Amino acid sequence: MSSPALLPVSSRRLAALSPSSPVSFYPHHRATLRLSEKFILLLILSAFITLCFGAIFFLPDSSKHRRFDLGLQDVLIPHVEQGRPAGRDGNAGPQGGGVMVHGGGEEHQHRHREEEEQLRKMIRADHERALEEAKEKLKKSKDQIRAEIQTEKNRVAQDMKKREGKQLPHVPIPKLVGINNGDPGDPDTRQKQEKIKEMMKHAWGNYRQYAWGHNELKPLSRKGHTTNIFGNSQLGATIVDALDTLYIMGLFDEFRDGKEWIEKNLDFSVNAEVSVFEVNIRFIGGLLAAYYLSGEEVFKQKAAQLAEKLLPSFNTPTGIPWAMVNLKSGVGRNWGWASAGSSILSEFGTLHLEFVHLSYLTGDPIYYKKVLHIRQLLQKMDRPNGLYPNYLNPRTGRWGQHHTSVGGLGDSFYEYLLKAWLVSDKTDTEARKMYDDAMQAIEKHLIRKSNTGLTFIGEWKNGHLERKMGHLTCFAGGMFALGADGSPDDKEGHYLQLGAEIAHTCHQSYDRTVLKLGPEAFKFDGGTEAVALRQNEKYYILRPEVIETYWYMWRFTHDPKYRQWGWEAAQAIDKYCRVIGGFSGVKDVYSSSPAYDDVQQSFFLAETLKYLYLLFSSDDLLPLDYWVFNTEAHPLPVLRSMNTTLSGNVAFQ
């Protein structure tokens, strides 16, 4: 896997990609053209005219497609307050406002047609107003236009400066339990724990030496590495992602180095187009975790600054955010390959944990409202076979192609339903019900047993089950175990057993390779079980999902096999992925002398090594009754009711 072709992806990624994969990410280079402002405005005028005609043809047709059945004010104008009564933790239930879908009666259809006609009128009025404004602009001289543009730039810059400099409110810190120590007790396990710490020092030290400030490290080339998910800017992704791991391991000198770089260099007012999902889970999650663990205010301030930069991504007709946003301009867009410009379930569905904590720490309910709005939209949509498709168009509110996966494109959406319940101290029952309903549909349609009895989770594509499971999907074993307590119909034992079966299957995918490291995806067709067949599915890029499941299963069962399996994986990583300049992914786990991909992913330090360290630590280090891990393994404290009363914050009243 050549490094330019490989997209570094975290534990819940967009897709299982490889150099020869049919889906790849292409950098978007925009030519810098020296055009006069008048010509730019003419282009804008042309775009408006095109939109006027396009709106007529692309508005939803209720006779062919099912839309969100919500009032216009509830969906298309989310900034208009509806005065909904909020339940406990502010979660509105079915009585909390909006129109519920109860069928397709005449009254319902009539209301739907009226809403669409109202929408058409709104769009026409907006376009006519914009055209008039454009005409007025064209009457002005070039110097006048330049002066107006500069005035607007100055105003925006001043507003941003004021927001970035504002003081955040003082709020009670949730009870923090088990943020250090974790001594496993017995010498053998302690020795393994120390080995994992040594691997972390090797990974961090080489990044520090060869790629400091870059997003990631190329350990063979010994230089910095970045990809388009970070906007090709040097944002120090590895530093932010690794901070809490360093702190948990007691590597405080390294932690202080990272803090100093963040204080002096981490700047989000750059002209960079970034993945909303990736910077949320890596940067906001990493900064929040570092703040809670260390109490250093700089991390909270930086998280709040970045969060404001992400808010423009929600400026869509439905409130479903764009996949990408420019941190400077606020302009958003979606991946070109994602089902006709759709947003992706695992991306817009993986914001809740971080945004709830942002509202808690800043006193601003807007973050909580944004993610709650997404949930309310999803609740009111039809779901084929009870499954959530991976694609949703943020303009029309329609599902894209009917592809459902618990791996790439879908995975962390389900994880965050469960963890929204956990982080609320199990008071967010709405999230728990959505999780339970989703698990019931997944069990019915996606989970199967192979001919030899291996339990696997396939993918649903246009009415057909593909008998393939990705490395990303292996996180689900841990999710089932984590969600077992609180399951409906006394199914706690059932889901714990299901987690154990998934852990066993994923271990088999490791054990059946030459390197004892798992492939990116593996099949269950005919006589082939838990083995990758295609060359572009045989790579291992330091992923954490299997080790993550081992850790959760260890915490809930204390079965020694999970520590044994984890140690096997750690030894294999140290033997085959370790190079002089750090750790690298390998291109073929079935080869005894594989080629390297020359990328040390930031999630290797954030997740893989953290989960290994926790696996060989005592349970009183970050106990799960007090901490919830985001999808990048950044621990966030449970917000118990005694800590979540904020004056003026409707999210926590």
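Along each chain, numbering runs from 1 in the same order as the chain's sequence is written. The model is predicted, so local features are restricted to residues of pLDDT at least 70 and side-chain atom pairs to those at 80 or more, both for listing and for counting; the totals for chains, interfaces and linings are taken over all residues. Each side-chain value is worked out from all heavy atoms of the structure, with water and hydrogens disregarded.

- As named in an unreviewed UniProt entry, the protein is alpha-1,2-Mannosidase, taken from Scyliorhinus torazame.
- Of the comments in the UniProt record for the protein, the one headed Cofactor (unreviewed entry) reads "Ca(2+)". UniProt positions are given in the numbering used here, feature names are shortened, and annotations may be inferred rather than shown by experiment.

## Regarding the pattern of salt bridges
So, step 1. By definition here, a salt bridge exists when the distance from a side-chain nitrogen of Lys or Arg to a carboxyl oxygen of Asp or Glu is within 4 Å. All told, the structure shown has 34 salt bridges when counted by the stated rule.
So, step 2. Residues arginine 256 and aspartate 253 are paired through a salt bridge, measuring 2.5 Å at the closest nitrogen-oxygen approach. One end of the pair is arginine 256 and the other is aspartate 253, both in helix α7 (residues 252–265) and 3 residues apart, which spans about a single turn.
So, step 3. Among the ionic pairs, arginine 555 bridges to aspartate 619, the shortest N-O distance being 3.3 Å. Here the residue arginine 555 occupies a position in helix α17 (residues 545–557), and aspartate 619 occupies one in the loop between α19 (602–615) and β18 (627–629), the gap between them amounting to 64 residues.
So, step 4. Because the salt bridges share partners, they merge into one network encompassing Lys461, Glu466, Lys468, Arg534 and Glu537. By the criteria applied, helices consist of DSSP H or I runs no shorter than four residues and strands consist of E runs no shorter than two, each listed in order from the N terminus.

## A look at the sheet that holds strand β8 (residues 403–404)
So, step 1. Taking strand neighbours across the sheet as the criterion, the 3 strands line up as β8-β11-β12 in an open arrangement whose pairing is antiparallel. Bordering the open sheet on either side are β8 and β12 (464–466), each of which pairs with just one other strand.
So, step 2. Examined bridge by bridge, β8 and strand β11 (residues 459–461) share 2 bridges and lie antiparallel to one another. Residue pairing for β11: threonine 404 is matched across the bridge by tryptophan 460. Here a strand pair is declared whenever DSSP counts at least two bridges between the two strands.

## Here's the deal with the packing of α7 against helix α9 (residues 297–310)
So, step 1. With their axes 10 Å apart at the nearest point, α7 and α9 run at an angle of 45° to one another. By the angle class used here, α7 and α9 are oblique. As α7 runs across α9, the sense of the crossing is left-handed. Taken together, the residues of α9 that come into contact with α7 (itself represented by Phe255, Lys259, Ile262 and Glu263) are Val298, Phe299 and Lys302.
So, step 2. Charged means Asp, Glu, Lys or Arg here, nonpolar means Ala, Val, Leu, Ile, Met, Phe, Trp, Tyr, Cys or Pro, and polar covers whatever is left, Gly included. In terms of residue class, the contact of α7 with α9 is made up of 4 nonpolar, no polar and 3 charged. To get an axis, a line is fitted to the C-alpha atoms, and for a helix only the part in contact is used. The angle between two axes follows their N-to-C directions and goes from 0 to 180 degrees. Geometric relationships in this document are graded by angle, where less than 35 degrees denotes roughly parallel, more than 145 denotes roughly antiparallel, 65 to 115 denotes roughly perpendicular, and other angles denote oblique. Crossing handedness is read from the near helix: turned anticlockwise from the far helix by less than a right angle, it gives a left-handed crossing, and turned clockwise, a right-handed one. Contact criterion: two residues are considered in contact whenever any of their non-hydrogen atoms come within 4.5 Å of each other.

## Quick word on the pairing of strand β14 (residues 521–525)
So, step 1. Across the 5 residues that make up β14, a large majority, 4, are buried.
So, step 2. Across 3 bridges, the pairing between strand β13 (residues 468–470) and β14 is antiparallel. Across the sheet, methionine 469 pairs through a bridge with phenylalanine 522, a residue of β14.
So, step 3. Relative to strand β15 (residues 528–531), β14 is paired through 3 bridges, and the arrangement is antiparallel. In the sheet register, phenylalanine 524 faces β15, and the bridge partner there is glutamate 529.
So, step 4. The antiparallel hairpin formed by β14 and β15 contains 2 residues in its connecting segment, where glycine 526 sits at a positive phi of about 55°. Exposure categories follow from relative accessible area, calculated using a 1.4 Å probe and restricted to protein chains: below 20% of the type maximum is buried, above 50% is exposed, and the middle band is partly exposed.

## A few points about the state of the cysteines
Formally, a disulfide is one covalent bond, and it connects the sulfur atom of one cysteine to the sulfur atom of another.
So, step 1. Two cysteine sulfur atoms make up a disulfide if the distance between them is within 2.5 Å. Taken as a whole and assessed by the stated rule, the structure comprises 1 disulfide.
So, step 2. The side chain of cysteine 474 participates in a disulfide bridge whose partner is cysteine 506; the two sulfur atoms lie 2.0 Å from each other. Here cysteine 474 and cysteine 506 share a disulfide; its torsion about the S-S bond, -95°, makes the bridge left-handed. Placement of the pair is cysteine 474 in the loop between β13 and α15 (476–482) and cysteine 506 in helix α16 (residues 492–511), with a sequence separation of 32 residues.

## Some words on α19
So, step 1. The span you would expect from a helix comes to 1.5 Å times its residue count less one. Between its terminal C-alpha atoms α19 stretches 20 Å, which fits the 20 Å expected from 14 residues at 1.5 Å a residue.
So, step 2. Of all bends in α19, the biggest is about 25°, found at leucine 609.
So, step 3. The buried count for α19 comes to 14 of 14 residues, which makes it a mostly enclosed element. A residue's bend is the angle separating two fitted axes: one through the seven residues that end there, the other through the seven that start there.

## Points about the nonpolar core
So, step 1. By nonpolar core is meant a set of buried Ala, Val, Leu, Ile, Met, Phe, Trp, Tyr and Cys residues that side-chain atoms within 4.5 Å join together. Core analysis: the largest hydrophobic core is formed by 163 residues, its most contacted members being Phe283 and Phe480.
So, step 2. Leaving out residues up to four positions away in the same chain, phenylalanine 283 has contacts with Phe230, Leu235, Ala237, Val240, Leu266, Phe268, Glu278 and Leu306.

## Let's talk about the UniProt feature "active site" (unreviewed entry) in the protein
So, step 1. Residues given the UniProt feature "active site" (unreviewed entry) here are Glu278, Asp411, Glu520 and Glu545.
So, step 2. Here glutamate 278 is to be found in helix α8 (residues 276–294).
So, step 3. The class of glutamate 278 is buried, set by a relative accessible area of 2%.
So, step 4. Summarising the element assignment, glutamate 545 is placed in helix α17.
So, step 5. With relative accessibility at 0%, the residue glutamate 545 sits in the buried group.
So, step 6. N or O atoms within 3.5 Å of each other form a polar contact, as long as, within protein, one can give a hydrogen and the other can take it, and as long as residues adjacent in sequence are counted only when both atoms are side-chain atoms. Separated by 2.9 Å, the side chains of glutamate 545 and histidine 471 make a polar contact.

## Quick word on helix α14 (residues 429–445)
So, step 1. The first and last C-alpha atoms of α14 sit 24 Å apart over 17 residues, in line with the 24 Å expected at 1.5 Å per residue.
So, step 2. Among all positions of α14, only Glu430, Ala431, Arg432, Met434, Tyr435, Asp436, Ala438, Met439, Ala441, Ile442 and His445 are buried.

## Comments concerning the environment of glutamate 297
So, step 1. By secondary structure assignment, the location of glutamate 297 is in helix α9.
So, step 2. C-alpha separation for the pair glutamate 297 and leucine 168, spaced 129 residues apart in sequence, amounts to 9.7 Å.

## Here we look at the packing of helix α6 (residues 237–248) against α7
So, step 1. Direction vectors running N to C along α6 and α7 enclose 150°, while the axes themselves pass 9 Å from each other. Between α6 and α7, the angle is such that the two are roughly antiparallel. Judged by the twist between their axes, the crossing of α6 over α7 is left-handed. Within the contact between the two elements, α6 uses Ile239, Val240, Leu243, Leu246 and Tyr247 and α7 uses Phe252, Glu254, Phe255, Gly258, Lys259, Trp261 and Ile262.
So, step 2. By residue class, the composition of the contact of α6 with α7 is 9 nonpolar, 1 polar and 2 charged.

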